[in-house]
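Letter by letter, the chains look like this.
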Amino acid sequence: MTGAALTGAEEGREPGVALTLPVAFAVSNDGPLTGRAYAEPPHSYRSAFQRDRARIIHSRAFRRLAGKTQVFTDRYSDHFRSRLTHTMEVAQIARTIAGAMGLNEDLAEALALVHDIGHPPFGHAGESALNEALAAHGLSFDHNLHALRIVEYFEHRYAAFRGLNLTLGVREGIVKHSRDYSLAAHPELSEYFLDLRPPLEAQLIDLADEIAYTTADFDDGLESGILQLSHVRAYVPLLERFYSAMEQAHSSAPPKLIFNEALKRMLNAMASDLILETRRRIGVSGAVDLEGVREAPNRMAAFSAEMEAMRLQAKRYLHDHLYNSEELSRDHDQATKVVRDLFGAWVADPALLPAGLEPAIESEGIARIVADYIAGMTDNFILAQHRVWIESQ
Ligand code: MG
């Protein structure tokens with residue numbers, strides 16, 4: 001086997017471990033996963049997945065990610081991640097990992113770019129509020145399924161069809177990158193091979209997402225002043241092991257720069273661990289190609305047990321000290337109120353909604369249509385809608 005290998009120096013692993021998988025593991029640029037619902041002639045110099053990446057980047061829903069909260073609303077700093085810059089970090093990490101493993105980089109990048117496109121405004125607080133509002137109508141909000149609705153229906157840019165007419169590979173990845181769906185509960189998803197695992201390019205996305213936000217949230221969390229460096233060092237071994245090494249290597253550097261050096265090594269260690277553990281699991285499984293990956297009983301993309309334990313510890317720390325901090329809970333409370341108020345007002349009086357939604361309300365019910373409308377909004381747009389509604393009361 002040829003291709004890239006870890007040097008071992010930084011990762012603390014044995015040198016010379018081959019990373020690149022045989023080409024039979026990668027999703028092919030001319031296989032069945034390049035199929036589209038509406039047949040289109042091939043492009044003369046772009047692959048099907050490169051075209052999907054372009055369609056995603058040029059979509060309205062992608063542009064709106066710039067106005068959606070990742071963790072911090074824009075009252076904190078212009079430097080912090082939005083859902084758009086988070087998405088770009090996931091795309092960078094996913095593309096690097098896919099490239100190192102010899103997988104289809106363009107498919108991995110397209111999936112990363114689309115992975116959060118179904119998220120409502122106000123981050124997870126907005127999603128919980130929307131989910132709670134829908135529960136009263138016997139429904140629920142699922143950002144993966146909402147992303148599928150966006151790319152199949154809400155985006156309207158082409159004369160010949162509705163939606164972006166993305167490849168089957170990208171649509172399957174949108175549905176399955178972070179969880180499995182049963183055919184019994186979701187017969188509408190029957191074309192997405194629900195009894196099979198997704199390709200490795202899709203399996204990587206959720207873990208690239210974990211790597212991106214775990215590192216980024218320590219960065220923005222410390223910069224915001226909500227997290228304290230000495231406390232993080234005491235309770236997050238995943239970061240501390242790199243911080244102490246960098247403190248020794250750069251003894252006169254300011255703590256912020258030592259922290260940056262530690263954080264980028266933490267990101268690198270997580271990515272390298274993911275590659276090596278995934279390779280190890282593939283080896284143990286005996287799979288020799290994409291079909292073997294798909295038919296395996298479990299997903300093969302994973303962190304090692306040691307890294308997974310440290311990652312979960314870091315994630316719990318972020319939950320306890322950042323996401324559920326008193327400081328951020330003010331934003332969460334406001335998000336919940338805004339979503340709840342507008343959902344209730346629009347369900348009670350559909351005449352307040354934009355014109356033209358009547359046929360959709362007729363076929364899908366008012367609650368789902370109001371949820372779709374809210375889910376598409378940026379933070380600023382929904383806040384403006386809320387001010388208009390307050391003034392009308
Ligand atoms: Mg994400």
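Right, let's walk through the structure included here. (Residues numbered from 1 in each chain as written. Predicted model: local features only at pLDDT ≥ 70, side-chain atom pairs only at ≥ 80, totals over all residues. Heavy atoms only, no water.)

This part takes up the overall build of the protein chain. In terms of regular secondary structure, the protein chain is built from 17 helices and zero strands. What you see for the protein chain is a C-alpha radius of gyration of 22 Å, in line with the 21 Å of a compact globule of 393 residues. Seen through its C-alpha atoms, the protein chain measures out along the principal axes to roughly 65 × 50 × 40 Å. Residue burial in the protein chain is summarised as follows: out of 393 residues, 53% are buried. In the protein chain, once contacts between residues fewer than 6 apart in sequence are set aside, the share between residues at least 24 apart is 70%. Approximately 18100 Å² of the protein chain is accessible, and the part contributed by carbon and sulfur atoms is 53%. Taking the average place of the 39 positive charges on the side chains of the protein chain and the average place of its 54 negative ones, the gap between the two points comes to 2 Å. (Helix = DSSP H or I, 4+ residues; strand = E, 2+ residues; numbered from the N terminus. Rg over C-alpha atoms; globule rule 2.2 N^0.38 Å. Buried < 20%, exposed > 50% of the residue type's maximum accessible area, 1.4 Å probe, protein only. Contact = heavy atoms within 4.5 Å. Areas by Shrake-Rupley, 256 points an atom, 1.4 Å probe, with all protein chains shown as cover. Lys, Arg positive; Asp, Glu negative; His and termini not counted. Charge placed at Lys NZ, Arg CZ, Asp CG, Glu CD.)

Below, the discussion takes up the packing of helix 10 (residues 237–249) against helix 11 (residues 255–285). Contact geometry of helix 10 with helix 11 gives a least axis separation of 8 Å together with a crossing angle of 130°. Relative to helix 11, the element helix 10 is oriented oblique. As for how helix 10 packs across helix 11, the hand of that crossing is right-handed. Between helix 10 and helix 11, the residues in contact are Leu238, Leu239, Arg241, Phe242, Tyr243, Met246 and Glu247 and Pro255, Ile258, Phe259, Glu261, Ala262, Leu263, Arg265, Met266, Ala269 and Met270, respectively. (Axes fitted to C-alpha atoms, helices over the stretch in contact; angles between N-to-C directions. Parallel < 35°, antiparallel > 145°, perpendicular 65-115°, else oblique. Left-handed = near helix turned anticlockwise from the far one by under 90°.)

Turning our eyes to something else, we now look at the nonpolar core. With 93 residues, the main nonpolar core has Ile56, Ile97, Leu103, Val170 and Phe218 as its most contacted residues. It is helix 11 that contributes the most residues to this core, 12 residues altogether. Excluding its chain neighbours within four sequence positions, the residues that come into contact with Ile56 are Phe62, Ala110, Leu113, Val114, Ile117, Leu166 and Val170. One finds Leu130, Met377, Leu383 and Trp389 within the second-largest nonpolar core, a separate group that totals 28 residues. (Core = buried A, V, L, I, M, F, W, Y, C linked by side-chain atoms within 4.5 Å.)

Each pair of donors in an ideal four-coordinate tetrahedral metal site encloses 109.5 degrees, whereas pairs in an ideal six-coordinate octahedral site enclose 90 or 180 degrees. Coordination of the magnesium ion by the protein is provided by His86 (NE2), His115 (NE2), Asp116 (OD) and Asp209 (OD), with metal-donor distances spanning 2.2 to 2.4 Å. Site description for the magnesium ion: donor spacing in sequence, H-x28-H-D-x92-D. Note on accessibility: His115 and Asp116 belong to one class, buried. (Donors = N, O, S within 2.8 Å, 3.2 Å for Na, K, Ca; no water.)

Inspection of the secondary structure assignment puts Glu210 in helix 8 (residues 200–223). Taking the relative accessible area as the measure of exposure, Glu210 reaches 10% and is therefore buried. Looking at Glu210, its side chain comes within polar contact range of the side chain of Arg311, at 2.6 Å. Sequence-distant contacts of Glu210, defined by excluding residues within four places in its chain, comprise Arg311 and Lys315. (Polar contact = N/O pair within 3.5 Å; in protein donor to acceptor, adjacent residues only side chain to side chain.)

What follows deals with the packing of aromatic side chains. Tallied over the entire structure, the rule returns five aromatic pairs. Ring geometry for Tyr38 versus Phe161: centroids 5.3 Å apart, planes at 20°, classification stacked. Taken together, the residues Tyr38 in the segment before helix 1 (48–57) and Phe161 in the loop between helix 6 (143–154) and helix 7 (168–176) connect sequence positions 123 residues apart. Assessed through its relative accessible area of 43%, Tyr38 is described here as partly exposed. (Phe/Tyr/Trp six-rings, centres within 6.5 Å; stacked < 30°, edge-to-face > 60°.)

Relative to the helices and strands, Thr20 resides in the segment before helix 1. Look at Thr20 and you get buried, because its relative accessible area is 17%. Of the polar contacts made by the side chain of Thr20, one reaches the backbone oxygen of Ala100; its length is 3.4 Å.

Here helix 14 (residues 326–348) contains 23 residues, and its C-alpha end-to-end distance of 33 Å stays within 8% of the 33 Å for a straight helix at 1.5 Å per residue. On its buried face, helix 14 sits against helix 5 (123–135), helix 13 (305–323), helix 16 (366–375) and helix 17 (379–392). (Expected span 1.5 Å × (residues − 1).)

This model, assessed by the stated rule, comprises 34 salt bridges. The closest approach of N and O atoms between Glu261 and Arg265, which form a salt bridge, is 2.8 Å. Here the residue Glu261 and the residue Arg265 both occupy positions in helix 11, the gap between them amounting to four residues, near one helical turn. Residue class for Glu261 comes out partly exposed when judged on its relative accessible area of 25%. For Arg265, a relative accessible area of 18% corresponds to the buried category. Salt bridges linked by common partners bring Arg81, Glu89, Asp219, Asp220, Glu223 and Lys256 together as one network. (Salt bridge = Lys/Arg side-chain N within 4 Å of Asp/Glu carboxyl O.)

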